[in-house]
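# Report on the structure
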Amino acid sequence: MSGTTLQRADTDALTSGLTATSGRTRAVIAPFTGDVLHELPISTAQDVADAAAAARVAQASWWAAGWAHRREVLLRAHDLLLERRELLLDAVQTETGKTRGQAFEEVFNSAAATRYNALAAHRVLRGGPRRGGIPLVLTAEVRYRPKGLVGVVTPWNYPLSLAIMDIAPALAAGNGVVQKADDQGALSILAARRCFTDAGVPEALWGIVAGDGEEIGNAVVDAGDYVSFTGSTATGTKVAQRAAGRLVPSSMELGGKNPMIVLDDVDPEKAAADAAYGCFSAAGQLCVSMERIYVLRGVADRFIPAFAERVASLRLGTDLDYTTDVGSLATKAQLDRVMAHIDDAVAKGATVLAGGHARPEIGLYFVEPTVLADVTSEMQCFAHETFGPVVAVTVVDSEAAAIAAANDSEFGLNASVLSGSRSRGMRVAERLKAGSVNINEGYRASFGSVDAPMGGVKHSGLGRRNGAEGLLRYADATTIASATGLLQLPRTGAEFRALTPAMLLLLRTLRVLRRR
Ligand code: NAD
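Residues numbered from 1 in each chain as written. Predicted model: local features only at pLDDT ≥ 70, side-chain atom pairs only at ≥ 80, totals over all residues. Heavy atoms only, no water.

### Side note on unusual backbone geometry
Residues other than glycine seldom take positive phi values, yet leucine 247 does so here, at roughly 60 degrees. Located in the positive-phi region is lysine 458, a residue other than glycine, with phi close to 50 degrees. Along the chain, lysine 458 falls in strand β18 (residues 457-458). (Helix = DSSP H or I, 4+ residues; strand = E, 2+ residues; numbered from the N terminus.)

### What about the nonpolar core?
What tends to happen in soluble globular proteins is that the nonpolar side chains get buried as a cluster. Ranked by size, the top nonpolar core spans 74 residues in total, and within it Leu171, Phe196 and Leu471 carry the most contacts. Taken domain by domain, this core gets at least three of its residues from each of domain 1 (8-254 + 467-475) and domain 2 (258-455). Counting 46 residues, the second-largest nonpolar core is a separate cluster that includes Val295, Ala300, Ala306 and Phe366. (Core = buried A, V, L, I, M, F, W, Y, C linked by side-chain atoms within 4.5 Å. Buried < 20%, exposed > 50% of the residue type's maximum accessible area, 1.4 Å probe, protein only. Domains from an automatic or database assignment.)

### As for the domain arrangement of the protein chain
Splitting the protein chain by domain gives domain 1 (8-254 + 467-475), domain 2 (258-455) and domain 3 (490-516). Inter-centroid distance (C-alpha atoms) of domain 1 to domain 2 is 29 Å. Contacts between the two partners involve 35 residues from domain 1 and, on the opposite side, 38 residues from domain 2. Carbon and sulfur atoms supply 60% of the area buried between domain 1 and domain 2, which totals about 2700 Å² over both sides. (Contact = heavy atoms within 4.5 Å. Buried area = accessible area lost by both parts, 1.4 Å probe.)

### Some remarks on the packing of aromatic side chains
Evaluation of the coordinates by the stated rule reveals ten aromatic pairs. Ring geometry for phenylalanine 104 against phenylalanine 108: centres 6.4 Å apart, planes inclined by 55 degrees, an arrangement best described as tilted. A residue pair is termed a helical-turn pair when its members lie 3 or 4 positions apart in one helix, as phenylalanine 104 and phenylalanine 108 do in helix α5 (residues 100-125) at four residues. Look at phenylalanine 104 and you get partly exposed, because its relative accessible area is 34%. Judged by centre distance (5.4 Å) and plane angle (10 degrees), the rings of phenylalanine 303 and phenylalanine 307 are stacked. Pair noted here: phenylalanine 303 and phenylalanine 307 are both in helix α11 (residues 297-312), with a separation of four residues, about one helical turn. Using a relative accessible area of 0% as the deciding quantity, one classes phenylalanine 303 as buried. Over the ring of tyrosine 158 we find lysine 98; its NZ or CZ atom is 3.2 Å from the centre of that ring. Over the ring of tyrosine 277 we find arginine 444, and its NZ or CZ is 3.9 Å from the ring centre. (Phe/Tyr/Trp six-rings, centres within 6.5 Å; stacked < 30°, edge-to-face > 60°. Lys NZ or Arg CZ within 6 Å of the ring centre and 35° of its normal.)

### Some words on the pairing of strand β17 (residues 436-439)
Where burial is concerned, the two faces of β17 differ: the one with Ser436 and Asn438 is buried and the one with Val437 and Ile439 is not. Taken together, the four bridges between strand β16 (residues 414-418) and β17 define a ladder with parallel strand orientation. Looking across to β17, one finds that serine 416 is bridged to asparagine 438. Each parallel crossover has a hand, and for β16 linked through helix α15 (residues 422-429) to β17 it is right-handed. (Pairing = 2+ DSSP bridges. Right-handed = clockwise from strand over helix to strand, strands pointing away.)

### Details of the site of the ligand
Around the ligand, 27 residues are found, and the nearest of them are Thr154, Ser232, Leu254, Cys287 and Glu385. Aspartate 182 has a polar side-chain atom sitting 3.4 Å from an oxygen atom of the ligand. Between the ligand and the protein, one listed contact pairs an oxygen atom with a side-chain N or O atom of serine 232 at 2.7 Å. Protein chains bury 88% of the 850 Å² of accessible surface belonging to the ligand in isolation. (Near = heavy atom within 4 Å. Polar contact = N/O pair within 3.5 Å; in protein donor to acceptor, adjacent residues only side chain to side chain. Areas by Shrake-Rupley, 256 points an atom, 1.4 Å probe, with all protein chains shown as cover.)

### Let's talk about the environment of alanine 400
Inspection of the secondary structure assignment puts alanine 400 in helix α14 (residues 399-407). Accessibility expressed as a relative area gives 44% for alanine 400, which makes it partly exposed. Put simply, alanine 400 and valine 428 are 28 residues apart on the chain and 8.7 Å apart in space, counted from C-alpha to C-alpha.

### Some points on the pattern of salt bridges
As enumerated under the stated definition, the model contains 28 salt bridges in all. Residue aspartate 90 is joined to arginine 100 by a salt bridge in which the shortest nitrogen-to-oxygen separation is 2.7 Å. Placement of the pair is aspartate 90 in helix α4 (residues 85-96) and arginine 100 in helix α5, with a sequence separation of ten residues. Neither residue differs from the other here; aspartate 90 and arginine 100 are each classed as buried. Two residues, glutamate 106 and lysine 98, come together in a salt bridge whose shortest N-O distance is 2.7 Å. Its relative accessible area of 3% is what places lysine 98 among the buried residues. (Salt bridge = Lys/Arg side-chain N within 4 Å of Asp/Glu carboxyl O.)

### Considering α5
Taking 1.5 Å of rise per residue, the 26 residues of α5 would be expected to cover 38 Å, and the 36 Å separating its terminal C-alpha atoms lies within 8% of that figure. The largest bend along α5 measures about 35 degrees and falls at leucine 119. Within α5, 19 of the 26 residues are buried, which leaves it mostly tucked inside the rest of the structure. Positive backbone phi, approximately 75 degrees, marks glycine 127, located one or two places after α5. (Expected span 1.5 Å × (residues − 1). Bend = angle between axes of the 7 residues up to and from the residue.)

### Side note on the confidence of the model for the protein chain
The predicted structure's coordinates, where accompanied by low pLDDT, should not be read in detail. Per-residue confidence for the protein chain gives a mean pLDDT of 97, with 99% of residues at or over 70. The least confident element of the protein chain, judged by mean pLDDT, is helix α1 (residues 8-15) at 90; the most confident is strand β10 (residues 258-262) at 99. (pLDDT = per-residue confidence, 0-100.)

### Concerning the packing of α1 against helix α7 (residues 186-199)
Between α1 and α7, whose axes approach to 9 Å, the crossing angle comes to 70 degrees. Taken together, the axes of α1 and α7 lie roughly perpendicular to each other. Both α1 and α7 take part in a crossing whose hand is left-handed. For the pair formed by α1 and α7, the contact residues are Thr11, Ala13, Leu14 and Thr15 on the first element and Leu187, Leu190, Ala191 and Arg194 on the second. (Axes fitted to C-alpha atoms, helices over the stretch in contact; angles between N-to-C directions. Parallel < 35°, antiparallel > 145°, perpendicular 65-115°, else oblique. Left-handed = near helix turned anticlockwise from the far one by under 90°.)

### So, the sheet that holds strand β8 (residues 226-230)
With respect to topology, six strands assemble into an open sheet ordered β7-β6-β5-β8-β9-β19, the strand pairing being mixed. On the outer flanks of this sheet lie β7 (206-210) and β19 (461-462), each paired with one strand and no other.

### With respect to the packing of helix α6 (residues 161-172) against α7
Close contact between α6 and α7 brings their axes to 12 Å; oriented N to C, the two are set at 25 degrees. The angle between α6 and α7 falls in the class roughly parallel. For the pair α6 and α7, the crossing hand works out as right-handed. Residues Ala163, Ile164 and Leu171 of α6 lie in contact with α7, whose contacting residues are Ile189, Ala192 and Phe196. For the contact of α6 with α7, the class distribution of residues is six nonpolar, no polar and no charged. (Nonpolar A, V, L, I, M, F, W, Y, C, P; charged D, E, K, R; others polar.)

Here it is as structure tokens:
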């Protein structure tokens, strides 16, 4: 079986959830078949303004309804995501071209992020007392209030999980949302939003718009009291500047050139299987997947052949079931970019250890998982993100050389260490400059740990999603402090003169007592 189980009636029902009144549509191609999947209605800047205004109105009562109400609604949404998983899996596979297994990762992550934020929001954001600056004389309390409206811009590659990891905490914290979905992921996120609205999230609270990145994306960025952007470093830089121009805070989840270090104490076969998954999940169209492998010389002659053999054995296909290992690229632009990186590397002397070719007989945009050796700094794939199924393997002489090579990048999103020893893996992990490091996994250990922050350093981003950090970004802290009246603070020069010795004694005492 291949292609799509989504019928015209399904796509029409889903796109009716968009705020889009231009009357214009854009044809979306299904990557598995090359056919037009549906005509996506296009929004106008006025639609964004209308969706934002409606979400602001809905937000007031959503916040007033309280923590327990939001928790119960979001837990129901979690249950509906699981109940309706077959539709979600079909939508994700059909729109993005990924395998059923990787589509399932999206459903898993979306449900986990929804559950986590439903259950964690009150604990993280309930506020409470802090220490007053002078014991017994000053008291302080913190209150968290939602930002109001969060503008969310999402890419096509993980249309469910990347959106829900930003939107579930926004809703749990009491905000409204206006989201720009990517053309190639709109059906998937509209199907997920239906789970939330059927669970009790007011329709207007979470508006979704679609259309041109520049026009509609900018309108979303201009509408929010906070902006969550996921996409390329080039676009993210512009979005962060635009938000900062209004003094609106933002989180930027951007690109990567993620390294994996293979230490010389690994089981080569197991390491080869783990590396192949970490590199070629979603055909490498995953911000946190691996594009550089540094393998220690002591294991290189056993790991590299095992890795090449494992990669060559991966099954490519378009089936809407669990029979395939690697799916399609999502668009022609992706195909052109990936083939340009492979052709450039080969022309400049790289050695192809596995793959290297497009596979149009399987599907229009299929490319074999490709392993390259002898990659040098003149080649595009050396330092630039390919965002496709291409990995460069380099042999290094020592752990220190592997760490230096891994850190020698403008990016710092994710990294991986494969080792037979967890403590040795940890020692290396602590020296890697990345927002996340996975030991004996490519990306799923951190990606699936929704209680822990996720994000990038250097050109890979700003801010964090997931964990308490992912909730706190969506709230403003107000400190309410008071003078108890036990001691009048000095207001005149004479009062300062009288009280200064006591204040100095107090500071020294607090220091001795190590009171924070
Ligand atoms: P992209 O930057 O081209 O587009 C991302 C989204 O931004 C799309 O919805 C697009 O329409 C919109 N957009 C485009 N121009 C805009 C503008 N001027 N203002 C506002 N929005 C605009 O990225 P892409 O090609 O869709 O996604 C691939 C990139 O995203 C890769 O670099 C990948 O590493 C990165 N990514 C990062 C993460 C992460 O969590 N760090 C996750 C997934 C993808």
